[in-house]
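# Descriptive analysis of the structure
Each chain, written out:
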Amino acid sequence: MNRTQKAAWFGLVVPCFPVAWFFCVGIFLTNSVLLIVLPIVGFLLIAPVVMCIVIGKKQSPDEVASDERDYMMRSKALLSGFVSVFVMLAFLCSVMILAANDEAMANAYMVIPLSVLTFLIAVAVYSAAILVQYGRGGQDG
Amino acid sequence: MAKSGLSNNIRKFRFEHGEMTQQKLADIAGVTRQTIIAVEQGKYTPSLTLAFKISAAFKLKVEDVFLFEG
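Residues numbered from 1 in each chain as written. Chains lettered and ligands numbered in written order. Predicted model: local features only at pLDDT ≥ 70, side-chain atom pairs only at ≥ 80, totals over all residues. Heavy atoms only, no water.

## Section: unusual backbone geometry
Residues and elements named next belong to chain B. One non-glycine residue, Glu19, lies in positive phi territory at about 50°. On the secondary structure map, Glu19 appears in the loop between α1 (10–16) and α2 (22–29). With relative accessibility at 56%, the residue Glu19 sits in the exposed group. Its identity as a non-glycine residue notwithstanding, Lys59 has a phi of 55°, on the positive side. Take Lys59: it is sitting in the loop between α4 (48–57) and α5 (62–65). (Helix = DSSP H or I, 4+ residues; strand = E, 2+ residues; numbered from the N terminus. Buried < 20%, exposed > 50% of the residue type's maximum accessible area, 1.4 Å probe, protein only.)

As structure tokens, this is what we get:
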């Protein structure tokens, strides 16, 4: 497994924890925004440090970090992640409009966790797109 | 053979060159082992630069290693 694959697995697994936290604790168990946001922000600060340690190890002294195929996969995955941001924002806006009827209003603080959630899902989609391409052998069409 | 109509003899030449490992060839060509595997299996069509590097690793011409069957 090369560095791109490791980073993709990391990017796929890591967002699961904050997303699970957001849905379980944030929506069903508490109304406190701090209790939702602070653990997620803390997790996101620690995650890059752990990622550098995990993917820093080389298989061979001459091993390259990434090559032309990785760049091609990343560019396709980036497009997938970018599209997922718009899809997520459209979905979340629709849910909030449907949830809040004419009389109700959404809490402005909810913008923060929703933005973080959108970012995490975009990272997960980006990582999944890389892994799917690796699974298909990085076919170039 | 890949969709592009390109096939190759990388596996054959690896074994003819002292059973060169995929990792060794990858290190020489400056790519990852996964890319060599994908090229060898015909799942990925390499760039011209990579094709030349792989051929140079075997001290052969590009047309000896890669075959176009359009």
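That was the structure; now back to the text.
## Section: the layout of surface pockets
Residues and elements named next belong to chain A. Of the voids in this model, the largest pocket is the one considered here, and its volume is about 420 Å³. Lining of the largest pocket is provided by 21 residues; of these, Ala7, Phe10, Gly11, Met51 and Val123 occupy positions nearest its centre. Elements that contribute at least two residues to the lining of the largest pocket include exactly α1 (3–13), α3 (33–55) and α5 (111–135). Across the lining of the largest pocket, the residue classes tally to 16 nonpolar, three polar and two charged. Each pocket or cavity is described by its volume, and for the second largest pocket that value is around 310 Å³. Lining the second largest pocket are 17 residues, and of these Val95, Met96, Ala99, Met110 and Leu114 lie nearest its centre. Mapped by element, the contributors of at least two residues to the lining of the second largest pocket are α2 (16–29), α4 (68–99) and α5. (1 Å grid on protein atoms, 1.4 Å probe; cavity = no way out; pocket = protein on both sides within 12 Å on 5 of 7 lines; lining within 4 Å. Points joined across faces, edges and corners; volume = space filled by probe spheres on them. Nonpolar A, V, L, I, M, F, W, Y, C, P; charged D, E, K, R; others polar.)

## Focus: empty space enclosed by the protein
All names here are of chain B. Counted by the stated rule, this structure contains one cavity of 30 Å³ or more. One number sums up the size of the largest cavity: a volume of about 40 Å³. Contributing to the lining of the largest cavity are 10 residues, with Leu6, Asn8, Tyr44, Thr45 and Pro46 lying nearest its centre. Taken together, the residues of the lining of the largest cavity sort by class into six nonpolar, four polar and no charged.

## With respect to the confidence of the model for chain B
Residues and elements named next belong to chain B. When the pLDDT values of chain B are averaged, the result is 89; 94% of them are 70 or greater. Here strand β1 (residues 6–8) is the element of chain B with the lowest mean pLDDT, 88, and α4 is the one with the highest, 94. For this predicted complex, the interface confidence reaches an ipTM of 0.81, while the overall pTM sits at 0.74. (pLDDT = per-residue confidence, 0-100.)

## Some thoughts on the nonpolar core
In this structure, Ile10, Leu25, Ile54, Phe58, Val65 and Phe66 of chain B are the most contacted members of the largest nonpolar core, which totals 20 residues. At the level of elements, α1, α2, α3 (33–40), α4 and α5 of chain B are the ones that each hand at least two residues to this core. Ranked by residue count, the leading element in this core is α4 of chain B, at four residues. When sequence neighbours within four positions are dropped, the list of residues in contact with Ile10 of chain B reads Leu25, Val39, Glu40, Ile54, Phe58, Val65 and Phe66 of chain B. In terms of nonpolar packing, the next biggest core, distinct from the first, is built from 10 residues, Phe22, Ile36, Ile40 and Leu114 of chain A among them. (Core = buried A, V, L, I, M, F, W, Y, C linked by side-chain atoms within 4.5 Å. Contact = heavy atoms within 4.5 Å.)

## Let's talk about the pattern of salt bridges
When the charged atoms of two side chains lie near each other, side chains of opposite charge can form a pair. Residue and element names in this part refer to chain B. Inspection of every chain in the model, using the stated rule, returns two salt bridges over all chains. One salt bridge connects Glu40 with Arg11, and the closest N-O pair in it is separated by 3.7 Å. In this pair, Glu40 is assigned in helix α3 and Arg11 in helix α1, connecting sequence segments 29 residues apart. For Glu40, a relative accessible area of 14% puts it in the buried group. (Salt bridge = Lys/Arg side-chain N within 4 Å of Asp/Glu carboxyl O.)

## A word on the packing of aromatic side chains
Under the criterion given, the structure shown has two aromatic pairs over all chains. Ring centres of Phe82 of chain A and Phe86 of chain A lie 5.2 Å apart, and the angle between their planes is 80°; on these two criteria the pair is classed as edge-to-face. Of the two residues, Phe82 of chain A and Phe86 of chain A are both situated in helix α4; the distance of four residues between them amounts to about one turn of the helix. Centre to centre, the rings of Phe13 of chain B and Phe58 of chain B are 5.8 Å apart; their planes meet at 40°, and the pair counts as tilted. Highlighted residues: Phe13 of chain B in helix α1 and Phe58 of chain B in the loop between α4 and α5, separated in sequence by 45 residues. Each member of the pair Phe13 of chain B and Phe58 of chain B is classed as buried. (Phe/Tyr/Trp six-rings, centres within 6.5 Å; stacked < 30°, edge-to-face > 60°.)

## Side note on a nonpolar patch on the surface
The grouping of Val41, Leu45, Ile46, Val50 and Val54 of chain A at the surface amounts to a nonpolar patch, some 430 Å² of accessible area in total. Looking at the element boundaries, Ile46 of chain A is found in helix α3. (Patch = residues over 30% accessible without salt bridge, like charges linked within 9 Å, V, L, I, M, F, W, Y side chains within 5 Å. Areas by Shrake-Rupley, 256 points an atom, 1.4 Å probe, with all protein chains shown as cover.)

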